[in-house]
Structures are given as C-alpha cells and as structure tokens.
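# Structural characterization, general
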Amino acid sequence: MAKVNKLFSDKLYVANIGIENFTLTLQEQNVNTVHVDWSPPAGGDENLAKVLDILSDERVEKANKEAFDRINDSEPMLVDVVMAKDVLPGMKKNTIGHAGPTLPWKDMCGPLQGAILGAIVYEGLADSLEEAEKLVLNDEIEFVSNHDLDAVGPMTGMITYSMPLWKVENKTFGNIAYTTFNEGLGKVMRFGANGPDVIEKLKWLEKEFAPVMKSTLKSSGPIALKVIMAKALAMGDEMHQRNNGATSMMVRELMPHIVKTQQDNKELHAITEFLTGNDQFFLNLAMVAGKAVMDAVKGIEYSTVVTAMSRNGTNFGIRISGMGDTWFEAPVNQPEGLYFPGFTAEDANPDIGDSTIVETVGVGGFAMGSAPAVVRFVGASSVDEAVQYSKDMQLITVGLSPTLVIPTMNFVGTATGIDARKVVETGILPVINTGMAHKKPGIGQVGAGIVKAPSQCFEKAVKALGEKM
Amino acid sequence: MVHNVIKKNKYFDSVTLMLFSSKIEDIKGVNQAAVMMGTNHNKVLMQDSGLLNKEQAADASANDLIIGIDAESQEVVDEALKLLEEQFSNKSSGKEAGAKTYKTFDQAIKETPEANLSVVSIPGRFAKSEVMKSLKKGLHVMLYSDNVPLEDEIALKDYALENDLLMMGPDCGTAIINGVALGFANVVSRGSIGLTAASGTGLQEVSVIVDKLGGGISQALGTGGRDLSAEIEGRMMLFTLEALANDGATEVIGLISKPPSEEVMKKIVDKAKNIDKPIVACFLGGDPDLFKGTDIIGTTTLEEAAYALVKTSKGEKVDAISNSPLHEETSGLHDKIPASNAPYVRGLYTGGTLAYEALLLLHEKLEGVYSNIALDKKFDLKDLTTSRENTILDMGEDYFTEGKPHPMIDPKQRAERIVQEANDEETGVVLLDCVLGHGSHEDPAASIVKAVKEAKSKRSDIAFVASVTGTKNDPQDLEKSQQALKDAGVFVLPTNRQAVLFVLEVLKKRGVING
C-alpha cells in the first residue's frame with residue numbers, strides 16, 4: 001500500500017482532464033493543478049477511431065521508426081546547377097511543372113493560371129498571355145506535379161523546360177531532388193505575376209546567373225545544406241517565412257568561389273546584388289533539402305509518416321510513406337495573417353505552394369519557436385504563443401530531430417516525422433507559415449501569415465492505410 | 001423563429017456548453033436554446049427539439065459547435081449571440097489567467113511530472129484510454145465520468161490494484177484527499193475519520209454531519225457506484241479499506257453504500273476482520289442484521305452513520321441517535337405547519353443518495369412512493385414530467401440530465417419543478433435537498449427561495465421542508481443558506497433524515513397518516 005499511503009502524506013498535484021469547472025474549484029483551494037483541455041480522439045468520429053485502433057500496430061510503429069531514422073540520417077548536399085530539360089523525367093518544351101497535386105485548368109486558382117500563362121510566354125511558345133491561354137484551352141500544354149519530377153517550387157512553383165535548377169543529392173541514400181532559383185520578392189512568377197519584367201528576370205536567371213552558380217559550385221564542391229539549416233535555426237530563422245540567417249550563411253559559402261570564377265565586374269555586381277538583395281534566397285534550398293530528405297522516406301510499408309504536404313491553391317495534398325505516391329487531398333484553407341499596404345483578406349488567394357515540404361521535414365511553422373522576429377507577422381501574438389505552436393507539433397510527430405534544434409526552447413529538437421495517425425487522433429493540425437498571393441493572376445504577393453493543413457487529408461490517408469493492414 | 005450558427009473546429013466540454021445554453025435561455029424572448037458539439041447524437045437531440053434544421057445539421061461535424069436559438073425576434077437572437085461570444089472569450093482568457101492548459105495528457109504530464117492525481121471527466125466511452133495513460137504514469141485517478149463499460153472498469157481497477165493506485169470511479173463525483181475537495185465535496189474539518197463510499201452525495205452528507213458534530217475527516221474516498229456489484233466484486237472498496245487501515249491519521253473507518261451482493265458482503269466482512277480499527281457501515285436499505293456476529297457497527301441512515309463515527313472516534317459508546325446534539329426538537333416547528341387538505345408528498349432531489357434515503361424512509365410509511373429510482377417496480381414513475389400521488393424524484397438521473405446540466409450545478413430545472421408541483425392541487429408537502437460545497441452551484445438556496453416564493457403566491461398551504469448539506473466553511477456558507485430558506489418560510493432541518501421524518505410529522509398532524 002506504499003503508494004496510496006504516500007499520496008495521503010504528499011501535497012496534491014492534480015491533472016484535471018475534462019470539465020474546466022473542476023480546475024477552477026481546485027484553484028480556489030490553492031491546489032496545484034494543470035488543466036487538460038480534452039477533446040475526443042478523431043473528433044469523436046467512431047469510424048476513424050476504429051481505423052486508429054487498427055493502425056495502433058507494432059508494424060506501423062516499426063515502419064515509422066524506420067522513417068524517422070532515415071530522416072535524421074539523411075544528408076542533403078547542394079552539388080550542381082542543371083537544366084530542367086536535361087534532367088527531369090519526361091520533360092518536353094510544352095511540359096509545365098506546378099506546385100501541389102495536378103488538377104484540370106478550370107479548377108486552377110488565379111495565381112496558378114497567371115503563372116502558367118507567363119511560363120508559356122517565357123518558354124517562347126506564345127507571344128502574348130492571350131495566345132498562351134489558347135494553347136492551354138487547345139490541350140497543347142501538359143501539366144505535371146513538381147513532386148512527380150523529383151522537384152519542388154514555392155507558391156505556384158513553375159518549372160519549365162528551359163529553367164535552370166539547383167541539384168541536391170541525399171548523400172546517405174543517393175536520391176536526387178531539384179528546385180528552381182528563388183526569383184526575389186514582389187512581382188514574381190511564383191506569386192502569379194507574369195508581366196514582361198517578370199519574364200525578363202527569369203531569362204537573366206537562366207542565361208547569366210545559372211552558369212555562374214554552376215561554376216561556383218564546381219569550385220566550392222558540395223555544400224551541406226542541413227548544416228546551414230541547423231545554424232540558421234540558431235540565428236532566428238524558421239526557414240519558411242524567415243531565411244535571413246540561412247541566406248547570409250549561404251552567400252558566405254558561395255562568395256569566394258563566385259569571385260574566383262567571375263572576372264567581369266559588372267556581371268559580378270549584378271550577381272552579388274541579386275544574392276544579397278533577397279532574404280528569401282535560401283527558401284528554395286531549404287525546400288529542396290526537405291524534398292531530398294523526404295523522398296528517402298517514401299514507400300516504407302505500413303508507415304504513416306507524411307512524406308509530402310503541398311498545395312496547388314485549390315487543394316491541399318499529402319502523401320504518406322506507406323501509400324507511395326498517392327495524394328490525399330482536401331480543399332485548401334485560407335491563411336490568416338498580415339497584409340501589405342493596400343491589400344486586405346479579400347485580395348488573398350487560398351494557400352498555395354510546395355514550400356510546405358519544409359514543415360514536412362520539421363522546420364517552418366514547426367520551428368516557429370526559433371524565430372521570434374516573424375512571430376507577429378505570421379499571426380502569433382507573442383513569442384510564448386510561437387513556442388506553443390512548436391510544442392504542439394511535438395504531439396503529432398514521431399520524435400524530435402537530433403540535429404535541428406531550437407536554441408530558444410532550450411535546444412529541444414524540432415518536431416520531426418509527422419505521424420498522420422497522431423494528427424487524426426489529437427485533431428492538432430500541422431501549422432504552416434506561408435506567403436499569400438493575390439487571387440487575381442499577375443499581381444503577386446499581398447501578405448504573409450499562418451495556415452493549417454486540412455484534417456480531411458490525414459483522415460483519408462489513415463483510412464487508406466487502414467484498409468491495407 | 002429558429003436561428004442556427006455553426007462554429008467550425010471549436011470545442012468546449014459539455015458541462016460548459018450546457019451552462020452557456022442555460023444562460024441564453026434566461027434572456028427574455030428566447031423560447032429555447034442549445035449550444036452543443038455536432039455529434040450525431042447531439043444533432044438528433046437538437047432536431048427533435050426543433051432547434052436545428054436539416055441543411056445546417058449536414059454542415060456540422062463532431063468537431064464543430066452548433067448554436068440553436070428559438071427566439072421571438074432577430075434582436076433577441078443577436079443579443080443571445082453577443083452574450084455567447086462574450087462567454088466564449090471569457091472561457092479562453094480565463095484559461096490563460098488560470099491553470100496551465102494543455103491539449104493532451106501526455107503533454108501535461110511531460111511538463112508536470114510531479115502530478116500525482118488525475119481527475120477525469122470526459123465521455124465514458126473514451127475514459128479507458130485516458131485513465132490508463134494516467135495509471136501508467138503512476139497517477140492515482142478519480143474518474144467522474146459515467147457510462148463507462150463494465151469491462152473497462154474491471155480492466156482499469158485491476159491495473160490500478162496491481163500497481164497500488166487508487167482508481168476511484170467511474171461515476172465517482174466526490175472525494176476529499178488531504179483536505180482537498182475533489183469534484184462535488186464540502187469543506188470539512190480534518191480529523192481521524194476515514195470514509196470510503198460508493199455514493200457521492202452519501203459521502204457528502206456523512207462528511208458534513210461529522211463536521212457538524214465536531215468530528216473530522218482524514219480521507220474520504222470514492223469507489224464508484226458499481227463497485228460493490230457482483231461484477232466488480234468490491235475491488236476498490238476492499239483496496240480503500242486497506243488503505244485507510246494503513247493510514248496513520250485514520251482511527252475510525254466509515255463505509256457507505258447501497259447493500260452489496262452477498263459474495264461482496266462476505267469479502268468485506270473478511271477484510272474487516274483483519275483491520276484493527278473500528279468500522280461503521282451504512283448500507284442504505286440493507287438489513288442491519290447483516291453485521292451480526294462481526295465487529296462492524298451497522299447503521300441504516302447517513303446521519304446515524306455519521307453519529308456513530310463521531311462517537312466512536314471520541315472513544316464513546318454509540319447510543320441512540322435521539323441523543324445527538326444535532327437532533328432538532330420539532331415541537332416549535334410543529335405549530336407553524338400550515339393546514340392543508342392536499343395529501344401528497346413531492347420530493348425533488350438534486351442528490352441521488354439523498355433521494356434514495358428519503359425513499360427508504362417514506363416508502364413503507366406511505367404505502368408506496370412513485371419514483372424514477374423506485375424501490376418497487378410497481379412504483380416506477382413512467383411519465384417523469386408529472387408526479388403521481390407520493391413521488392420522489394432524483395433529478396440527477398439520466399432523464400433530467402440528458403443535454404442539460406446536473407441540478408447540483410444548475411438548479412434551474414429543479415426550481416421549475418417546484419413551481420410545477422405547487423400548481424398541482426394534490427401537493428401538500430414539497431421535500432427538498434440543498435447541496436453546498438465545491439463543484440455545486442454558487443447559491444442553490446437562492447434558487448429554491450425564488451421558486452418557493454412563486455409557489456407560495458399561489459398556494460399558502462404547502463409545507464416546504466428542506467435540509468442543507470453543507471458546512472460553515474463551504475463557499476456558499478451553511479448559515480446564510482439556511483437563513484435564506486427559513487426567511488422564505490421553508491422548514492429547515494439539520495439533516496436529510498430529519499427532514500424526511502419531519503415530513504411524516506406534517507402528514508400526521510394533517511391526519512394523512514396515523515400516528
């Protein structure tokens with residue numbers, strides 16, 4: 001009876017699970033109390049609860065542990081700059097890769113349509129946006145999901161035939177992933193802008209910037225992206241909304257080799273001005289690192305670990321390891337946050353982009369606690385609230401990263417390896433820091449904020465895997 | 001007109017929501033209202049009461065909050081919605097100011113490993129997994145939830161026993177541990193009397209009377225209402241008996257329950273033989289001869305149990321209850337009994353065990369009492385909306401609490417019933433309880449006073465009889481509550497037993513029964 005009789009002589013410390021009134025009466029009596037704001041597993045949905053029971057299985061645990069280990073063992077290295085037409089499977093002049101799962105033209109949102117029309121002009125397939133649209137309506141353009149090209153792109157995520165790409169190799173597992181260069185801020189194609197200046201910028205990236213980066217990387221040798229990401233967390237980045245630290249670190253890596261391989265001073269000025277003028281330069285590199293890591297986790301039988309989260313502006317799709325390349329989709333949510341002067345929530349397009357790969361790998365919204373500077377921008381009212389977001393994410397992942405740690409949270413690892421089961425069970429949804437595009441084509445970014453992944457994606461995914469058990 | 005609003009992904013526990021519903025129903029012009037989570041069950045409930053239309057229902061899932069308001073005008077609806085929004089934001093800001101709040105138990109326990117007791121009040125079918133998490137982390141548990149499957153209760157109690165942990169409940173509403181009131185419990189003096197009970201208000205009434213008699217409580221433990229059934233076999237009662245036997249502060253042990261099954265009774269007697277502390281048992285409705293040949297002191301009412309406990313704790317011999325200092329001379333009250341030709345007694349109770357005790361004391365004397373917890377199937381009250389002849393209602397039972405708060409938390413339903421009984425010309429006596437303490441409504445006496453005043457304006461011949469289960473240190477204050485009732489012309493007795501006995505006096509004086 002030792003334990004019971006010890007209770008009688010100890011100070012009471014109560015965990016109250018459920019009715020809040022009981023917590024209040026305990027506090028009136030000055031009793032130490034923590035309150036658990038309980039809500040039913042799977043939102044009280046009994047069928048889902050049954051699926052969760054089925055998935056509460058040793059095979060799933062083992063598979064998820066394997067997935068978690070692979071994420072942590074992965075070493076994404078930036079190795080080269082290559083051309084889309086040379087490396088992407090099945091890439092033709094009229095192929096356009098975009099963010100998120102594929103969908104018919106008529107279901108695409110404004111920014112995505114705008115970016116596509118601009119991309120057609122960029123490829124020289126049409127001289128005007130009107131002509132470009134005719135090509136689309138005549139079914140002369142093929143759309144493909146970036147994820148199926150082993151690639152990712154932010155916001156609309158345009159990847160076309162002539163574009164240069166960063167090439168990243170996962171040294172541990174040998175798989176390759178690609179992404180585009182980040183175009184900078186403001187009116188850019190990733191936010192659906194498609195004017196002549198946008199196209200001109202893309203041409204410069206292709207003709208001038210890409211060759212320099214290629215020779216730079218040849219000189220520098222492979223650059224370890226995870227190392228930069230780990231350092232950037234300590235510099236106040238979460239690598240979705242804020243990449244100031246990571247971009248500076250990256251430029252520091254590149255600079256000696258740029259100067260070494262580039263003699264023309266005017267060109268050098270243009271290159272360095274571009275690199276140093278865009279705080280989000282590293283975003284695409286964080287994304288491609290995430291893609292290289294998560295692709296190594298694909299196809300582990302019975303695993304419920306999420307390997308991709310992505311949005312096409314209409315639907316939000318996720319993939320889980322045990323279900324291969326199947327997208328589980330649901331309508332995207334509207335982000336909440338702050339708007340640039342002159343814009344309001346009325347102007348904002350729903351959530352879009354492949355950039356949620358950074359949350360999939362455990363940074364972005366998952367590491368919000370590390371980035372006090374963007375806390376208010378993404379809609380959190382205090383640093384405590386941001387830390388709470390990161391803590392909540394720990395409840396839906398397999399574990400904590402041993403290498404990506406958050407100094408402001410006593411060096412606790414970022415929540416890593418989203419377990420779709422835990423999302424469904426707790427109702428806690430992955431939190432995503434995101435930019436917001438104007439809902440009309442051709443305008444660009446209007447603000448930034450925070451958005452949650454829709455619960456139905458995770459519900460569909462666990463149901464599908466449940467049927468395979 | 002009925003107005004529906006769906007709030008996506010907004011969760012509140014059902015008690016909180018029922019209090020919200022009740023607050024909007026108080027607004028003038030609101031005919032009826034409900035605020036509920038959109039489970040299928042709740043949606044059907046709301047549709048049946050005409051508070052939810054089909055299209056709206058289809059939009060809401062179990063994670064969504066549904067508001068249904070039937071009101072006279074759009075202005076009233078707007079007022080109600082405004083009040084609700086205020087309630088919602090009070091709730092969330094209250095949390096920030098108060099206890100640390102977590103979304104899951106795992107998260108809470110990770111940050112507060114020093115926690116040693118979980119109080120669990122979630123829908124019963126979810127209770128097992130949450131309680132198991134607590135037990136596995138080495139926390140003792142008080143499980144308030146009801147509707148927990150029998151096999152879950154057995155599994156949880158067996159795990160707890162193997163690991164030397166308390167698992168009080170399911171359906172355990174009251175406990176006092178280390179002087180802390182858990183759930184619905186009163187602020188009583190600490191002392192040498194340890195209690196273990198399968199009944200919530202039974203435990204409250206005994207602990208309160210012990211306090212009034214100058215005794216004190218070391219620990220008051222709950223076992224859950226089903227513990228002494230043949231299926232559960234007294235698992236937790238036997239364990240708590242041993243815990244109290246080993247507790248240095250406990251000198252006398254009190255045991256409160258409805259009569260156990262024969263098998264369980266034998267186990268308890270066997271266990272008691274090995275305990276060298278005096279034991280007082282109150283098996284309500286049980287045969288006092290059950291304890292013949294044992295050292296256990298048998299009693300049949302809660303007051304007698306408390307009296308025997310206090311006497312024993314002072315090392316005195318237990319004598320007749322009429323010697324108790326609490327025993328009220330009713331001759332003074334006698335003169336004030338209003339004359340009436342109305343023959344019947346209507347007992348309206350918020351506390352289940354108090355209702356049961358009243359039923360036991362009245363059933364035979366009145367040749368049968370109708371009830372929703374009837375002693376005899378013949379007297380099952382089929383239509384609970386209308387009392388019949390002599391009736392005692394336990395208003396904490398399912399029929400009254402389906403979608404509505406327990407009357408100890410919100411006494412509104414009981415107050416309405418008091419007025420309803422007064423409209424029945426056959427009602428001669430209204431018998432009431434008034435349970436104070438933590439967890440209970442902030443002023444249950446005021447609710448009774450308001451209803452009694454309204455009733456008296458129509459009928460001056462009804463005798464209202466009540467007892468207050470509370471102490472001077474309860475948040476609601478015993479004396480203040482008693483005085484308010486007396487001022488309203490209610491006959492206030494010190495215990496439930498004495499209140500019931502006074503009802504018999506009233507009936508005798510009026511010649512309804514012999515004596």
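Sequence order as written defines residue numbering, which begins from 1 separately in each chain. All chains are assigned letters beginning with A, and all ligands numbers beginning with 1, in the order in which they are written. A pLDDT threshold of at least 70 governs which residues receive local features in this predicted model, and a stricter bar of 80 or more applies before side-chain atom pairs are shown or counted, although totals over entire chains, interfaces and linings include all residues. For side-chain calculations, the full set of non-hydrogen atoms in the structure is used, while hydrogens and water are omitted.

## Some details on the overall build of chain B
Going along the chain from the N terminus, every DSSP run of H or I of four or more residues is numbered as a helix, and every run of E of two or more is numbered as a strand. The helix and strand tally for chain B stands at 18 helices and 20 strands. Computation of the radius of gyration draws on C-alpha atoms, with the globule rule given as 2.2 Å multiplied by the number of residues to the power 0.38. On C-alpha atoms alone, chain B measures out to a radius of gyration of 23 Å, which is about the 24 Å that the 2.2 N^0.38 rule sets for 515 residues. In terms of overall dimensions, chain B has C-alpha extents of about 70 × 60 × 40 Å along its principal axes. In the form shown here, chain B has an accessible surface area of approximately 20,800 Å², with 47% of it arising from carbon and sulfur atoms. Positive and negative side-chain charges in chain B, numbering 56 and 76 respectively, have mean positions lying 1 Å apart. Surface accessibility follows the Shrake-Rupley procedure with a 1.4 Å probe radius. Residue values consider only the protein chains on display as shielding. Asp and Glu count as negative and Lys and Arg as positive, but His and the ends of the chain are not part of the count. By convention, the charge on Lys lies at NZ, on Arg at CZ, on Asp at CG and on Glu at CD.

## Notes on the domain arrangement of chain A
Residues and elements named next belong to chain A. Throughout, the edges of the domains are those of an automatic or database domain assignment. As assigned here, chain A comprises domain 1 (2-38), domain 2 (46-72 + 294-468) and domain 3 (77-288). On a C-alpha basis, the centroid separation for the pair domain 2 and domain 3 is 23 Å. Each of two parts loses accessible area, computed with a 1.4 Å probe, when they are put together; buried area is these two losses added. Buried surface at the junction of domain 2 and domain 3, both sides included, amounts to about 3,700 Å², of which 63% is carbon and sulfur. As a salt-bridge pair, aspartate 148 and arginine 319 come within 2.7 Å of each other at their nearest N and O atoms. Polar contacts here mean pairs of N or O atoms no more than 3.5 Å apart (in protein, one a potential hydrogen donor and the other a potential acceptor; neighbouring residues in sequence count only if both atoms are side-chain atoms). At the junction of domain 2 with domain 3, the criterion picks out 17 residue pairs in polar contact (both at pLDDT 80 or more). Looking at the side of domain 2 that touches domain 3, the elements that each hand over two or more residues are helix H4 (58-73), strand S11 (306-312), strand S12 (315-320), strand S15 (352-353), helix H13 (357-360), strand S16 (397-406), strand S18 (431-437) and strand S19 (445-452). Of all the elements, S18 adds the most residues to the side of domain 2 that touches domain 3, at six residues. Put simply, a salt bridge is a Lys or Arg side-chain nitrogen that is within 4 Å of an Asp or Glu carboxyl oxygen.

## Side note on the pattern of salt bridges
Taken as a whole and judged by the stated rule, the model has 46 salt bridges over all chains. With a closest N to O distance of 2.9 Å, arginine 421 of chain A and aspartate 419 of chain A form a salt bridge. Each member of the pair, arginine 421 of chain A as well as aspartate 419 of chain A, is classed as buried. Here glutamate 25 of chain B and lysine 412 of chain B are joined by a salt bridge, their closest N and O atoms 3.7 Å apart. In this scheme, a residue with accessible area under 20% of its type's maximum is buried, one over 50% is exposed, and one in between is partly exposed, where area comes from a 1.4 Å probe on protein chains only.

## Points about helix H8 (residues 196-220) of chain A
Residues and elements named next belong to chain A. One less than the number of residues in a helix, times 1.5 Å, gives the span that helix is expected to have. Across its 25 residues, H8 extends 34 Å between first and last C-alpha, which sits within 8% of the 36 Å expected from 1.5 Å per residue. For a residue, the bend is simply the angle between two axes, fitted respectively to the seven-residue segment ending there and the seven-residue segment starting there. In H8, a bend of some 45° at phenylalanine 209 exceeds every other bend along the element, and proline 211, a proline, comes one to four places later. Listing the buried residues of H8 in full gives Val198, Ile199, Leu202, Leu205, Glu206, Phe209, Ala210, Val212, Met213, Thr216 and Leu217. Looking at the buried positions of H8, the neighbouring elements they touch are strand S3 (76-83), helix H6 (110-122), strand S8 (164-170), strand S10 (223-224), helix H10 (244-261) and helix H11 (265-276). One or two residues past the end of H8 sits glycine 221, with phi positive at roughly 80°. By definition, residues are in contact when any of their heavy atoms lie within 4.5 Å.

## What about the domain arrangement of chain B?
All names here are of chain B. Considered domain by domain, chain B is made up of domain 1 (2-97), domain 2 (105-323) and domain 3 (331-509). Here the C-alpha centre of domain 3 lies 31 Å away from the C-alpha centre of domain 1. Residue-level contacts link nine residues of domain 1 with seven residues of domain 3. Summed over both partners, the interface of domain 1 with domain 3 buries about 630 Å², with 63% contributed by carbon and sulfur atoms. Sorting the residues of domain 1 by area buried against domain 3 places Met18, Leu19 and Ser22 first, and these three jointly supply 53% of that buried surface. Here domain 1 is connected to domain 3 by two salt bridges. Aspartate 26 is the partner of lysine 412 in a salt bridge, and the nearest nitrogen-oxygen pair spans 3.4 Å. For the pair domain 1 and domain 3, the interface holds two residue pairs in polar contact (both at pLDDT 80 or more). Of all elements in the fold, only helix H1 (14-25) and helix H2 (40-48) reach the threshold of two or more residues within the side of domain 1 that touches domain 3.

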